[in-house]
Amino acid sequence: MTEEKLTKKGFILNSSKVLFSTLFLNFFGIIQGIVVANLLGPGLFGVKNALQMILDYGSNIHLGSLKNFSKKRQTYEFSNLKKRDYFTNLTFTFLFLVSLLSMVAGIIAFFVLSYSLSTRLSVLILGFLIPIYLYCSFFGVILQSKSDFKTIFKTNILQGIVVILFVVAFVELFGVPGFFFGTLLGLIIVLLYQYFFVKSNLKLVFNVKGFILLIRGGFWVFLLSLMYLIFFGIDRVFILFGYGGLELGYYAVGLFFGSIIYLFINTLLVPFVPQIYQNLSKLDLLKKLIIAPTKIIACFSYFIAFLVLFLLPFIIFILPEYGLSTEYINILVFSMLFFPVLITNYYIGKNKELFLIKVSTIFIILIVLLNCLVLFFELRPVFIAYTTMLSIFFYGLTVNYFGYKELLGSKILALKEVFNYLFPFFYGLVGYGLLWFLAHFWLYGFINYYIVKIIQAVLFTTWYLPILWRIEKEHRIWRLILDYFKGKMNKKIKIEVNNI
C-alpha cells in the first residue's frame with residue numbers, strides 16, 4: 001500500500017472514531033444549547049453568552065504554556081521520551097499554580113463586584129471552572145499526541161451525557177449560574193475519567209526557570225490565541241454595548257449554529273494535527289496532510305451549510321422565541337467555513353506564529369473600524385454579522401495563500417489550490433441563487449412555504465452532487481470507509497471462529 005493510501009486510510013480510521021464521538025457530543029451540545037436557550041429566553045441567554053467570554057479569556061491564563069506543551073508533546077511523543085515527560089510534568093505543575101490564582105480571583109470577584117447575585121455567583125463558579133477546563137485540555141493533548149482516539153471517543157461520549165444532564169437540571173433550578181455549575185460538575189467527571197486512562201506518571205516539578213522557558217516558548221502562540229479571541233469575540237462586544245443584551249441573545253444563537261459548523265470541520269481535521277507536527281521536515285507529506293484534506297472537508301462543509309439555509313425554517317421551530325435570530329444564522333453558519341485550521345497548525349509547528357499575529361492584527365483593526373462604522377451610521381445589527389463573515393473569509397484566504405505558496409514554492413500553484421477549495425462554495429452560491437429565484441418567482445405562488453424549502457434542499461443536493469462525486473472519484477472516501485468496516489467485521493468473525 002502506498003504512503004498516500006496509508007495516509008488516507010489512517011485519516012479515515014481516526015476521523016471516524018473522533019467524528020462519531022464528537023458528533024454525539026455535539027448533538028447533545030446542540031440539544032443542551034436549545035434547551036438552555038428556551039429555558040433562559042433571549043435576555044438571559046445573552047447574559048450567559050457575555051459571561052461565557054470570561055471562560056474564553058480565562059482559559060488563556062496558562063500564558064501560552066499549554067500551547068507550548070501541545071507542540072512539544074506531539075513533537076517528542078516518539079522521538080524523545082525524556083523531554084516529553086519533562087514538559088508534561090512542568091506544564092502539569094504550572095497549570096496547578098495558575099489554577100490556584102483563578103480560584104482566588106473568582107472568590108475575590110464574588111465579594112468585590114457590585115453586580116447582581118446571579119452574576120457574581122456565575123463569576124465565582126467560573127473561577128473554579130477555568131482550572132477544570134485547562135486540565136481537560138491538558139489530558140486531551142496527551143491523548144491526541146498518543147493518537148489514542150479510542151479513549152477520546154469514550155471521553156466525548158461521557159462528556160456529551162453527563163454535561164447535558166447537569167446543565168439542564170441546574171439551569172432549571174438556578175438560571176444562568178446553574179449553567180456554569182452544571183458544566184463544572186460534568187467536566188470534573190470527564191477529567192477524572194481522562195486521568196484514569198492517560199496512565200502518565202504525573203508529578204509536581206517546581207522549576208521557576210523552567211516555567212519561564214515554558215511561557216517563553218508558548219508566548220507567541222499565547223499572543224496568537226489572544227488575537228483569535230479578540231478576532232472572534234469583538235462582534236459580541238459591539239452587539240452587547242451597541243444594541244443591548246437582548247440583541248446579543250439573538251446573535252448568540254447565530255454564533256451557536258456557526259460553532260456547530262466549525263466543530264464539524266475541526267473534528268474531521270483533528271487526526272491530521274499531530275501528523276503535521278511530527279512531519280514538519282517532510283515537505284511532500286505536508287502537502288498531502290494540509291492541502292488535500294482542507295479541500296475535501298471544505299466541499300462537504302459548504303454542502304451542509306447551504307442545506308442549513310434551506311432547512312432553517314424547520315430548525316427555528318425548536319427555538320420559538322428566537323425568530324429574530326434567522327438572519328444571524330444565515331450569515332454566521334458561513335463565517336467559520338473559511339477559518340484556516342491545518343495551515344495554522346503548520347505555521348505554529350514551524351515557529352512562525354508572528355506571521356499569523358501580524359495578519360490577525362490587520363484584520364482585527366479592520367473589523368473594529370467596520371463595526372464602528374456600523375454603530376456610527378446606526379445600521380441594523382445584522383451588519384455586525386456581515387463584517388464578521390467577510391473578515392474571516394479574507395483572513396482564511398490570506399493565510400492559506402501564503403502557506404500554500406511556502407509549501408508549493410509557487411504563487412501560481414498556491415492560487416490554484418486556493419481556487420480549488422473555494423470553487424465549490426461559489427458553485428453552491430450560484431445554485432442557491434437560482435433556487436431562490438425559482439422559489440420567489442414561481443413556487444411560492446402555488447406551493448406551501450415549507451414544502452418549497454424541502455424542494456429547494458432536494459434540488460440543491462442534485463445541483464451539488466457533481467462536486468461530491470468528483471471528491472469521491474479522486475479520493476475514494478466511501479470506499480475507504482467501507483473497507484474499514486469490512487475489515488472490522490472480518491476481524492470479529494475470525495475472533496468468534498477462534499473462540500469456537
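Structure: above.
Quick summary incoming for the structure in this document.

About the cut-offs
- Residues numbered from 1 in each chain as written.
- Predicted model: local features only at pLDDT ≥ 70, side-chain atom pairs only at ≥ 80, totals over all residues.
- Heavy atoms only, no water.
- Helix = DSSP H or I, 4+ residues; strand = E, 2+ residues; numbered from the N terminus.
- Rg over C-alpha atoms; globule rule 2.2 N^0.38 Å.
- Buried < 20%, exposed > 50% of the residue type's maximum accessible area, 1.4 Å probe, protein only.
- Contact = heavy atoms within 4.5 Å.
- Areas by Shrake-Rupley, 256 points an atom, 1.4 Å probe, with all protein chains shown as cover.
- 1 Å grid on protein atoms, 1.4 Å probe; cavity = no way out; pocket = protein on both sides within 12 Å on 5 of 7 lines; lining within 4 Å.
- Points joined across faces, edges and corners; volume = space filled by probe spheres on them.
- Axes fitted to C-alpha atoms, helices over the stretch in contact; angles between N-to-C directions.
- Parallel < 35°, antiparallel > 145°, perpendicular 65-115°, else oblique.
- Left-handed = near helix turned anticlockwise from the far one by under 90°.
- Nonpolar A, V, L, I, M, F, W, Y, C, P; charged D, E, K, R; others polar.
- Core = buried A, V, L, I, M, F, W, Y, C linked by side-chain atoms within 4.5 Å.
- Patch = residues over 30% accessible without salt bridge, like charges linked within 9 Å, V, L, I, M, F, W, Y side chains within 5 Å.
- Salt bridge = Lys/Arg side-chain N within 4 Å of Asp/Glu carboxyl O.

1. Some remarks on the overall build of the chain
Logical step 1: Scanning the chain for helices and strands turns up 17 helices and 0 strands.
Logical step 2: Its C-alpha radius of gyration of 23 Å places the chain within 12% of the 23 Å reference for a compact globule of 500 residues.
Logical step 3: The C-alpha extent of the chain, read off along each of the three principal axes, is 70 × 65 × 60 Å.
Logical step 4: Counting only residues that meet the buried cut, the chain has 52% of its 500 residues in that class.
Logical step 5: Taking contacts inside the chain between residues at least 6 apart in sequence as the whole, the part at least 24 apart equals 82%.
Logical step 6: Per element, the accessible surface of the chain, about 23700 Å² overall, is 71% carbon and sulfur.

2. Brief notes about empty space enclosed by the protein
Logical step 1: Here the structure, examined in full by the defined rule, presents 4 cavities of 30 Å³ or more.
Logical step 2: By volume, the second largest cavity amounts to about 140 Å³.
Logical step 3: Lining the second largest cavity are 15 residues, with Ile 265, Thr 294, Ala 298, Leu 337 and Phe 339 positioned closest to its centre.
Logical step 4: Of all the elements in the fold, those that place two or more residues in the lining of the second largest cavity are α8 (245-269), α10 (283-315) and α12 (341-349).

3. Topic: the packing of α10 against helix α15 (residues 411-441)
Logical step 1: Across the interface, α10 lies against α15 with an axial gap of 9 Å and an inter-helix angle of 15°. Considering their axes alone, α10 and α15 lie roughly parallel with respect to each other. As for how α10 packs across α15, the hand of that crossing is right-handed. For the pair formed by α10 and α15, the contact residues are Ile 291, Lys 295, Ala 298, Cys 299, Tyr 302, Phe 306, Leu 309 and Phe 310 on the first element and Glu 417, Asn 420, Tyr 421, Leu 422, Pro 424, Phe 425, Gly 428, Leu 429, Tyr 432 and Leu 435 on the second.
Logical step 2: Its residues placed into classes, the contact of α10 with α15 shows 14 nonpolar, 2 polar and 2 charged.

4. Observations regarding the nonpolar core
Logical step 1: Counting residues in hydrophobic clusters, the biggest one holds 145 residues, and the most contacted among them are Phe 138, Ile 290, Tyr 302, Phe 334 and Tyr 395.
Logical step 2: Looking at this core element by element, the count peaks at 18 residues for α10.
Logical step 3: Contacts of Phe 334, omitting those with residues within four sequence positions, involve Ala 305, Phe 306, Leu 309, Met 389 and Phe 425.

5. Points about a nonpolar patch on the surface
Logical step 1: There is a patch of nonpolar side chains on the surface, built from Leu 366, Leu 370, Leu 373, Phe 376, Phe 377, Leu 379, Phe 383 and Tyr 386 and spanning about 750 Å² of accessible area.
Logical step 2: Considering every element that reaches the nonpolar patch, the biggest residue donor is helix α13 (residues 353-376), with 4 residues.
Logical step 3: Looking at the secondary structure, you find Phe 383 in helix α14 (residues 382-408).
Logical step 4: By relative accessible area, which is 34% here, Phe 383 ends up partly exposed.

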